[in-house]
Amino acid sequence: MDNESLFDLRGKTALVTGASRGIGAATAHLLASYGAHVVVSSRKLESCEQVVAAIRSAGGKASACAAHIGDVGSIDALFARLDGEDLLPDVLVNNAATNPHFGPMLDMDLAAFDKTVEVNIRGYFYVSVKAARTMRERGGAIVNVASVNGRRAAPGQGVYSLSKAAILSMTEGFAKELAQYKIRVNAVLPGLTDTKFAGALTQNPELLKHLLRAIPLGRIAQPAEIAPMIAFLCTPAASYITGASFAVDGGYLA
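Residues numbered from 1 in each chain as written. Predicted model: local features only at pLDDT ≥ 70, side-chain atom pairs only at ≥ 80, totals over all residues. Heavy atoms only, no water.

Regarding the overall build of the protein
In step 1: Of regular secondary structure, the protein possesses eight helices and seven strands.
In step 2: For the protein, whose C-alpha radius of gyration is 17 Å, the value lies close to the compact-globule estimate of 18 Å for 254 residues.
In step 3: Dimensions along the principal axes, computed over C-alpha positions, put the protein at roughly 45 × 40 × 40 Å.
In step 4: Taken over 254 residues, the protein has a buried fraction of 50%.
In step 5: For the protein, the share of sequence-separated contacts (at least 6 apart) that also reach a separation of at least 24 residues comes to 70%.
In step 6: By element, 54% of the accessible surface of the protein is carried by carbon and sulfur atoms, the whole surface being about 12,000 Å².
In step 7: With 24 positive and 22 negative side-chain charges, the protein shows a spacing of 2 Å between the two charge centroids. (Helix = DSSP H or I, 4+ residues; strand = E, 2+ residues; numbered from the N terminus. Rg over C-alpha atoms; globule rule 2.2 N^0.38 Å. Buried < 20%, exposed > 50% of the residue type's maximum accessible area, 1.4 Å probe, protein only. Contact = heavy atoms within 4.5 Å. Areas by Shrake-Rupley, 256 points an atom, 1.4 Å probe, with all protein chains shown as cover. Lys, Arg positive; Asp, Glu negative; His and termini not counted. Charge placed at Lys NZ, Arg CZ, Asp CG, Glu CD.)

As structure tokens, this is what we get:
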């Protein structure tokens, strides 16, 4: 394999969930730059269309498809549409996530617990199943965006952390079962990243000061610093990597 083809995704379709902003949007842009037709998905169609417009203006190929990953019917509708438009994915990036409760687990109501599980665990599982069923005949790649919280639970983020730990186990399970179909499944564990999602942490100066002490590089990441690892795992350059988890965390887990 020559160097040029290592990162060549021309002729491939990549579905990225939670792609309207942050890590998902950065990943969508990078996959498009590698030649993939990127399906940008999140709950809000208008936000997806803005990312698609930016990708197209840069010369890439992209489509916008709204879907709520916490809703099974919405996922079914998404894949029915992708099938009808000949956009079933060769690459899936599970990135959509939620964390409706920031605080002690003892104060968390079951509605918030259920929402976290529905999106972060069931959503990843069901989207992976739907995508892998269509990849069986041709192979493919699935990348699950987890979190360093999946390895080291954080106070105030207990259920979010356990959901991310589940994703790591799910990644290994799917990797073993899907290898026979030449479908690779890996996970990326971002550390603290400058996104709207992490605003409860990054917008609190005292808390941020405390968190930065635990990061050897001494700063938070930008979404564009997480996207390259995700994109790498989607490409032929990662052809012998499956069932693995990669921290992109400034040394936090070291």
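There is more to say after this.
Some details on unusual backbone geometry
In step 1: Located in the positive-phi region is Asp86, a residue other than glycine, with phi close to 55°.
In step 2: Relative to the assigned elements, Asp86 resides in the loop between helix 3 (72-84) and strand 4 (91-94).
In step 3: Look at Asp86 and you get exposed, because its relative accessible area is 69%.
In step 4: Even without glycine at this site, Lys182 takes up a positive phi of about 60°.
In step 5: Relative to the helices and strands, Lys182 is located in the loop between helix 5 (158-178) and strand 6 (183-190).
In step 6: Among the residues examined, Lys182 registers a relative accessible area of 66% and is labelled exposed.

Here we look at the sheet that holds strand 5 (residues 140-145)
In step 1: Within the open sheet, the seven strands sit side by side as 3-2-1-4-5-6-7. Their pairing is parallel. Looking along the sheet, the strands with just one partner apiece sit at the ends: strand 3 (61-66) and strand 7 (245-248). Averaged over all adjacent pairs, the angle separating strand axes in this sheet is 20°, with direction ignored.
In step 2: Alignment of strand 6 against strand 7, held across four bridges, turns out to be parallel. From the neighbouring strand, Val188 faces strand 7, where its bridge partner is Phe246.
In step 3: Contacts from helix 5 reach strand 5, strand 6 and strand 7 within the one sheet, and its direction differs from that of strand 6 by about 160°. (Pairing = 2+ DSSP bridges. Axes fitted to C-alpha atoms, helices over the stretch in contact; angles between N-to-C directions.)

Points about a negative patch on the surface
In step 1: On the surface, Asp71, Asp109, Asp114 and Glu118 cluster together into a patch of negative charge.
In step 2: With respect to the helices, strands and loops of the structure, Asp71 is situated in the loop between strand 3 and helix 3. (Patch = residues over 30% accessible without salt bridge, like charges linked within 9 Å, V, L, I, M, F, W, Y side chains within 5 Å. Salt bridge = Lys/Arg side-chain N within 4 Å of Asp/Glu carboxyl O.)

Side note on the pattern of salt bridges
In step 1: Under the definition given, this model contains five salt bridges.
In step 2: One salt bridge in this structure joins Arg81 and Glu85, with 2.9 Å as the shortest N-O distance.
In step 3: Judged by relative accessible area, Glu85 falls into the partly exposed class, the value being 39%.
In step 4: Between Arg219 and Glu225 there is a salt bridge, with its nearest N and O atoms 2.7 Å apart.

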